[in-house]
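A closer look at the structure
Now for the letters of each chain:
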Amino acid sequence: MHRSRGRGRARALTVALSALFGTVMLLGTSAQAVNDSSPAQQRAGHDMGSQIREHEGGDPSADPATARNPSVKGMDVSGHQNWVNWRHWWNKGMRFAYVKATEGTGYTSPDFNHQYTGSYKVGMIRGAYHFALPDRSGGAAQARYFVANGGGWSADGKTLPGALDIEYNPYGPTCYGKSKAAMTDWIRDFSDTYRKLTGRYPTIYTSTSWWNKCVASDFGDTNPLWVARYNDYIGPLPHGWGFHTFWQYTSSPLDKNLFNGSYDQLERLARG
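Residues numbered from 1 in each chain as written. Predicted model: local features only at pLDDT ≥ 70, side-chain atom pairs only at ≥ 80, totals over all residues. Heavy atoms only, no water.

Focus: the overall build of the protein
Helix and strand counts for the protein come out as nine helices and nine strands. Looking at the protein residue by residue over its 272 residues, the buried ones come to 46%. Within the protein, contacts between residues at least 6 apart in sequence are counted, and of these 68% link residues at least 24 apart. Of the roughly 12,900 Å² that the protein leaves accessible, carbon and sulfur atoms contribute 52%. (Helix = DSSP H or I, 4+ residues; strand = E, 2+ residues; numbered from the N terminus. Buried < 20%, exposed > 50% of the residue type's maximum accessible area, 1.4 Å probe, protein only. Contact = heavy atoms within 4.5 Å. Areas by Shrake-Rupley, 256 points an atom, 1.4 Å probe, with all protein chains shown as cover.)

Section: the pairing of strand S6 (residues 203-206)
The alternating pattern of S6 places Thr 203 and Tyr 205 on one face and Ile 204 and Thr 206 on the opposite face, and all of these are buried. Sheet topology places strand S5 (residues 163-165) next to S6; three bridges connect them, and they run parallel. Paired with Leu 164 across the bridge in S6 is Ile 204. Running through helix H7 (residues 180-198), the crossover from S5 to the neighbouring parallel element S6 is right-handed. For S6 and strand S7 (residues 225-228), the ladder comprises three bridges, and the chain directions are parallel. Opposite Thr 206, over in S7, you have Val 227 as the bridge partner. (Pairing = 2+ DSSP bridges. Right-handed = clockwise from strand over helix to strand, strands pointing away.)

Some words on the nonpolar core
Nonpolar side chains tend toward joint burial in soluble globular proteins. The biggest cluster of nonpolar side chains holds 44 residues, and the ones touching the most others in it are Met 75, Ile 166, Ile 187, Trp 210 and Trp 211. In terms of residue count, H7 provides more of this core than any other element does, five residues in total. Listed in part, the 17 residues of the second largest apolar core include Leu 160, Ala 228, Tyr 230 and Phe 246. (Core = buried A, V, L, I, M, F, W, Y, C linked by side-chain atoms within 4.5 Å.)

Digging into the packing of helix H6 (residues 139-148) against H7
For any two helices packed against each other, one specifies the crossing angle of their axes together with the interaxial distance. Their axes nearest at 7 Å, the elements H6 and H7 cross at an angle of 40°. Comparing the axis directions of H6 and H7 gives the class oblique. Helix-helix and strand crossings are classified by hand; for H6 and H7 the assignment is right-handed. Seen from H6, the contacting residues are Gly 139, Ala 140, Gln 142, Ala 143, Arg 144, Phe 146 and Val 147; seen from H7, they are Trp 186, Asp 189, Phe 190, Thr 193, Tyr 194, Leu 197 and Thr 198. (Axes fitted to C-alpha atoms, helices over the stretch in contact; angles between N-to-C directions. Parallel < 35°, antiparallel > 145°, perpendicular 65-115°, else oblique. Left-handed = near helix turned anticlockwise from the far one by under 90°.)

Considering the state of the cysteines
Evaluated as defined, the whole model comprises one disulfide. Paired by a disulfide, Cys 175 and Cys 214 hold their sulfur atoms 1.9 Å apart. The chirality of the disulfide connecting Cys 175 with Cys 214 is left-handed, given an S-S dihedral of about -75°. A residue pair is termed long-range when its members are at least 10 positions apart, and Cys 175 in the loop between S5 and H7 and Cys 214 in helix H8 (residues 208-214) qualify at 39 residues. The buried category is assigned to Cys 214, whose relative accessible area is 0%. (Disulfide = S-S within 2.5 Å.)

Brief notes about the pattern of salt bridges
By the definition in use, this model includes two salt bridges. Note that Lys 100 is salt-bridged to Glu 103, the shortest N-O span being 2.5 Å. The buried category is assigned to Lys 100, whose relative accessible area is 0%. The partner of Asp 135 in a salt bridge is Arg 136, and the shortest N-O contact between them spans 3.7 Å. (Salt bridge = Lys/Arg side-chain N within 4 Å of Asp/Glu carboxyl O.)

Some details on H6
Buried residues of H6: Gly 139, Gln 142, Ala 143, Tyr 145 and Phe 146, and no others. The buried side chains of H6 occupy one side of the element, clustering within an arc of 165° when seen end-on. (Arc of directions from axis to C-beta.)

Here we look at the packing of aromatic side chains
Summed over the entire model, instances satisfying the criterion amount to 13 aromatic pairs. What links up through ring pairs into an aromatic cluster is the set Phe 96, Tyr 98, Tyr 205, Trp 226, Phe 246 and Phe 259. A cation sits over an aromatic face here: Arg 95 above Trp 90, 3.6 Å from the ring centre. Taking the ring centre of Trp 153 as reference, the NZ or CZ of Arg 200 above it sits at 4.8 Å. (Phe/Tyr/Trp six-rings, centres within 6.5 Å; stacked < 30°, edge-to-face > 60°. Lys NZ or Arg CZ within 6 Å of the ring centre and 35° of its normal.)

A look at unusual backbone geometry
A cis amide bond links Ser 252 to the next residue, Pro 253, at an omega of 0°. In this fold, Pro 253 is placed in the loop between strand S8 (246-250) and strand S9 (255-259). In the Ramachandran plot, Asn 82 falls in the positive-phi region, its phi being about 55° despite a non-glycine side chain. Residue classification places Asn 82 among the partly exposed residues on the basis of a relative accessible area of 27%. With a phi close to 60°, Tyr 176 is a non-glycine residue in the positive phi region. Positionally, Tyr 176 belongs in the loop between S5 and H7.

This is the structure we're talking about:
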């Protein structure tokens, strides 16, 4: 009888431990869903164009021919680069940089401050960018989070308007489960809120394929376009824009960009 009672207690303890372990596992799964990623990914977040490269491919390493139009070389970085040798890239001709600041409303890049300051100190015109997660929170909320964590703008001639990085969903449906109309509303909320907070419309970074699939309305009259296409030619632009302001053309060995104009025009864009 004592043995039976002991076996009963042991079975009860086993059940309790199993339930507790299952709860811990469930909480761990939920935490990972909130953090969006593995521990390594949690630290660095998603870099600009990471999902475009995955879905659209292409990545030439050579600079495209730009003899027909004036252009200025630049780059963009995130936590994936960590410490950047800005002097090296300045000597390679880079004159502007965009630095990742935020993602959604729960991630700030731990490398933002030293990257943003380092690019400025070497002489580059720099700006910040935000990786959008439109299914996690509203556009206005993410714009406020971005501005509060490094994404602001000042008319000092050295600060570019913040950029909204909106591309393929890293976690689920391509268009984040939104219709074209709903996605357009989300982007407009972000854009209008950013303008109210800073006085500038944000640059919109995207690819032609993603934009034409997921967005209904045009933003060409208000927002500069930063188009991603990893090739030696830029190709068709997203609907709504007749010209581009920036072109991200490669990620080898890091993301490189061209400003569509002269250095004086880049300075004017920074000054507003």
